[in-house]
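Here is what each chain is made of, one letter per residue.
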Amino acid sequence: QVQLVESGGGLVQAGGSLRLSCAASGRTFSSYAVGWFRQGPGKEREFVATITGSGFSTYYAHSVQGRFTVSRDNAKNTVYLQLNSLKPEDTAVYYCAAGGRAVVPSSGYDYWGQGTQVTVSS
């Protein structure tokens, strides 16, 4: 079992930055890939980024490529999502999820956090 808790969300102006954290329980956290997803108002949940258990490989949605960076510190059982150059359309609840492989589909992840709200004002 892995329990995930996101933090770091908030209200920011367009062009600003935030860093989200996903803290995990469990001694085998480094064996899990972690994905970030988001769900905006009136929208379906969408893939944002993913990182392998080792942290060596990452993959991003086209909409965030070059603006968001995913990283992890396995010693701290934490995965980060750095959000830069934020746009109003980035407004959403952001979720982290853990699974066996760093894949795009949300169905590939077994454990989910409760989400953290990011609101970007224009």
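In this report, we go over the structure that sits alongside the text. The model shown is predicted, which means the values in this text are computed figures rather than measured ones.

1. Here's the deal with the overall build of the protein
- When helices and strands are tallied, the protein shows zero helices and eleven strands.
- The helix and strand sequence of the protein, counted from the amino end, reads β-β-β-β-β-β-β-β-β-β-β.
- In terms of overall dimensions, the protein has a C-alpha envelope of 40 × 25 × 25 Å along the principal axes.
- Considering only intrachain contacts with a sequence separation of at least 6, the fraction spanning at least 24 residues in the protein is 57%.
- Charge centroids of the protein, computed over 10 positive and 7 negative side chains, lie 6 Å from each other.

2. Re the environment of Ser71
- Summarising the element assignment, Ser71 is placed in strand E7 (residues 68–73).
- Between the C-alpha atoms of Ser71 and Thr91, which are 20 residues apart in sequence, the distance is 21 Å.
- Not counting chain neighbours up to four residues away, the residues in contact with Ser71 comprise Ile51, Val79 and Tyr80.

3. A few points about the sheet that holds strand E1 (residues 4–7)
- Strands sit in the order E1-E3-E8-E7 across an open sheet of four strands; the sheet is antiparallel. Strands at the two margins of the open sheet, each flanked by one partner only, are E1 and E7. For this sheet, the mean angle separating the axes of adjacent strands, direction not counted, is 15 degrees.
- Inspection of the sheet shows strand E3 (residues 18–24) paired to strand E8 (residues 78–83) by six bridges, in the antiparallel sense. Note that in E8 the partner of Leu18 across the bridge is Leu83.

4. Concerning the pattern of salt bridges
- Tallying each qualifying case throughout the model produces three salt bridges.
- A salt bridge links Asp90 to Arg38; the shortest N-O distance between them is 2.9 Å. In this pair, Asp90 is assigned in the loop between E8 and strand E9 (92–99) and Arg38 in strand E4 (residues 33–39), connecting sequence segments 52 residues apart. With respect to class, Asp90 is no different from Arg38; both count as buried.
- It is possible to trace a salt-bridge network through shared partners that takes in Arg38, Glu46, Arg67 and Asp90.

5. Observations concerning the state of the cysteines
- Within this structure, the stated rule accounts for one disulfide.
- In this model Cys22 forms its disulfide with Cys96; the gap between the sulfur atoms is 2.1 Å. With the S-S bond torsion at 70 degrees, the cross-link from Cys22 to Cys96 turns out right-handed. Within this pair, whereas Cys22 is found in strand E3, its partner Cys96 is found in strand E9, the two being separated by 74 residues in sequence. Assigned by exposure class, Cys22 and Cys96 land together as buried.

6. Focus on unusual backbone geometry
- A positive phi angle is found at Asn77, which is not glycine, with a value near 55 degrees.
- Tracing the backbone through its elements, the reader meets Asn77 in the loop between E7 and E8.
- For Ser85, which is not glycine, the phi torsion reads 50 degrees and is therefore positive.
- By the secondary structure assignment, Ser85 is in the loop between E8 and E9.

Rules behind the numbers
- Residues numbered from 1 in each chain as written.
- Predicted model: local features only at pLDDT ≥ 70, side-chain atom pairs only at ≥ 80, totals over all residues.
- Heavy atoms only, no water.
- Helix = DSSP H or I, 4+ residues; strand = E, 2+ residues; numbered from the N terminus.
- Contact = heavy atoms within 4.5 Å.
- Lys, Arg positive; Asp, Glu negative; His and termini not counted.
- Charge placed at Lys NZ, Arg CZ, Asp CG, Glu CD.
- Pairing = 2+ DSSP bridges.
- Axes fitted to C-alpha atoms, helices over the stretch in contact; angles between N-to-C directions.
- Salt bridge = Lys/Arg side-chain N within 4 Å of Asp/Glu carboxyl O.
- Buried < 20%, exposed > 50% of the residue type's maximum accessible area, 1.4 Å probe, protein only.
- Disulfide = S-S within 2.5 Å.

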